[in-house]
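The residues making up each chain are set out below.
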Amino acid sequence: MECGLGWAHLNAEEAIMRFWTTISLILVLSVVGLTYEIAAGRVLAPFFGTSLVTWTAVIATVLAGFSLGSALGGLVAEREHHIAIGNVRTALIATAVLMALSPTVLGLLYALGARGTGGMLFTVFVAFFPASVLVSFPSPFLAKLAVEARPGREGSSLGLVLAAGSLGAIVGAILAGFVALPYVGSAATFAGCGAAALLCVPFVRGGTPGDDGEAETTAARAAQPKFLISFAAAALVVVASMAGGSVCRYESGLSCIDVAHRGSVVHLYSDRTPQAAERIIRSDKQTQLDGLVLAYTQWLWARMDRDLGPAPSVLFVGGGGYTLPTRLLESRTLARAVAVEIDPLVTWVARLHMPGAGAMIERAGFDASREGSQGEEDNGGRLGIVHADGRVYINETDRRFDAAVMDAFSSGSVPAHLATLETYERLRAIVDGPVYVNLIDAPDGPLVRGIHAILTSLYPHVEAVQGPISSRGRTNIVLAASRRPLAPLDALPTGYETARIEPGRTFTDDRGWVGHR
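Quick caveat, the model's predicted, so the values are computed rather than measured. (Residues numbered from 1 in each chain as written. Predicted model: local features only at pLDDT ≥ 70, side-chain atom pairs only at ≥ 80, totals over all residues. Heavy atoms only, no water.)

Draft legend 1. Inspection of the overall build of the protein at higher detail. Scanning the protein from N- to C-terminus turns up 16 helices and 14 strands. Here the protein holds 517 residues, and the buried ones make up 51% of them. Counted over contacts in the protein with a minimum sequence separation of 6, partners at least 24 positions apart contribute 73%. Accessible surface, the protein as shown: approximately 22,800 Å² in total, 59% of it carbon and sulfur. (Helix = DSSP H or I, 4+ residues; strand = E, 2+ residues; numbered from the N terminus. Buried < 20%, exposed > 50% of the residue type's maximum accessible area, 1.4 Å probe, protein only. Contact = heavy atoms within 4.5 Å. Areas by Shrake-Rupley, 256 points an atom, 1.4 Å probe, with all protein chains shown as cover.)

Next up, the structure:
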């Protein structure tokens, strides 16, 4: 039986109401699909990092799922009315379950050993492709209902169907990026997507069949108990998916942060990449920072201590745990620093869990992005904090600095727009002294070769050292670049040695770094 027969038994008012219900369902499912896509890219970061490669994999996989789902849904839309409705409802119930469980599947595959580019591609496909197929599966059937609801106005009905899909995509992108992921986290976002898909199920229905549809009505009634059981089971899965909580302790739209206490050392991780560490000594109710824990920060501080004068002004791009700014301000009472950290959550976690850095932020920190912040600096604030993108700050600031530390990361890699010739040309224009850079890469890898090529093209004196190589074949590689000769250091941190870097391609804004594979 054609679904149009059902519409024929509705009066004009009921048909219009059903039309707008159908349009609303298309809108909601488009919102869910795009929210799911963006959440997939975010939740992938703690496991495989954030780069052009990972985002390309997610977008391609989800769009492939949308395409296949639309094609399959189109075939189902041509089937008998009650069969099509049953298939669409089943698809929505399965969508709810798969979306809610996506983070669990991702974590399970990673725990089973999925690594590297191949492991990432396989994980993305298994975790996100099925739900992407099913969430787009109802759209052709809903579009057919909408077009048939207004005989003689098929053109405008189809236009509204397409508009609802596009508008839903826009709303989904905004909802995910500005609301859901920053405020409720990825796990709740996936569960919310599943819940929204499930709530669409009762609204998937056609017109009331006439006499020719008695068999259809009988079949639908017979299937009702099974449908209700499936619906209830899916609802339980969606609710239960929240029990696992977030993939990390603190989460925003930009960061997934964990804090670990091991003896006297507190470690801060972002997307499972070490960001900072403090060794704390507590005595007589006082908390003191006992040196820098991470070896790369030890080298950077040794280099800064040798190169800078008694009252330097230093720019830190990437706040992290604020351990280096803290050490600078403790060691040089006349020094001033500006730390640019894109995510306010990172600063909040550092204040909460890093006692030494937290005390320094409390004592000397001020908002350097506000108008009139220079007055706060004059009144004793020595650590200016700016919550902004590092590249944007570098481009827009009119301040000058005696040195700069580039230590900004997105997951385990440097954001591409901070690894370009244009970035360092602008940095050279506002920084009179040396520039220090922290990277994570394979020894003589493409990132370090590209940054080294940039620095040697702008500065006559560049040196680089590298630390021990991890089981994944990567290490910290830290560089210093200066207009003047760099005085030799007395010693290197344990396990560090001079890095040997081959000539590489200079990254630019047009042709830049794509991230670790």
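Draft legend 2. Up close: the pattern of salt bridges. Within the structure shown, the criterion is met by eight salt bridges. A salt bridge links Asp-509 to Arg-391; the shortest N-O distance between them is 2.8 Å. With Asp-509 in the segment after strand S14 (497-498) and Arg-391 in helix H14 (residues 390-396), the pair connects residues that are 118 residues apart, well separated along the chain. Under the relative-accessibility criterion, Arg-391 is labelled buried at 12%. Connected via shared salt-bridge partners are Arg-303, Asp-307 and Glu-463. (Salt bridge = Lys/Arg side-chain N within 4 Å of Asp/Glu carboxyl O.)

Draft legend 3. Just empty space enclosed by the protein, in detail. For the structure on display, the rule yields two cavities of 30 Å³ or more. One number sums up the size of the largest cavity: a volume of about 50 Å³. Met-406, Asp-407, Ala-408, Val-414, Leu-418, Tyr-424, Val-437, Asn-438, Leu-439 and Ile-451 are the residues that line the largest cavity. With three residues, strand S11 (residues 435-441) is the single largest residue contributor to the lining of the largest cavity. Across the lining of the largest cavity, the residue classes tally to eight nonpolar, one polar and one charged. If you add up the space inside the second largest cavity, you get close to 50 Å³. (1 Å grid on protein atoms, 1.4 Å probe; cavity = no way out; pocket = protein on both sides within 12 Å on 5 of 7 lines; lining within 4 Å. Points joined across faces, edges and corners; volume = space filled by probe spheres on them. Nonpolar A, V, L, I, M, F, W, Y, C, P; charged D, E, K, R; others polar.)

Draft legend 4. Representation of the environment of Ile-23 in the model. When you line up the elements, Ile-23 lands in helix H2 (residues 12-48). Note: C-alpha distance between Ile-23 and Leu-145 (122 residues apart in sequence) is 9.4 Å.

Draft legend 5. Main features of the state of the cysteines. Evaluation of the coordinates by the stated rule reveals one disulfide. What pairs with Cys-248 in a disulfide is Cys-256, and their sulfur atoms sit 1.9 Å apart. The chirality of the disulfide connecting Cys-248 with Cys-256 is left-handed, given an S-S dihedral of about -110°. For Cys-248, a relative accessible area of 8% gives the class buried. On the basis of relative accessible area, Cys-256 is assigned to the buried category, the value being 2%. (Disulfide = S-S within 2.5 Å.)

Draft legend 6. Highlighting the environment of Thr-61. Looking at the secondary structure, you find Thr-61 in helix H3 (residues 52-77). For Thr-61 and Leu-121, which are 60 residues apart along the polypeptide, the C-alpha to C-alpha distance reads 8.8 Å. Sequence-distant contacts of Thr-61, defined by excluding residues within four places in its chain, comprise Val-124, Phe-125 and Phe-129. Here Ala-57 takes part through its backbone oxygen, which lies 2.7 Å from a polar atom of the side chain of Thr-61. (Polar contact = N/O pair within 3.5 Å; in protein donor to acceptor, adjacent residues only side chain to side chain.)

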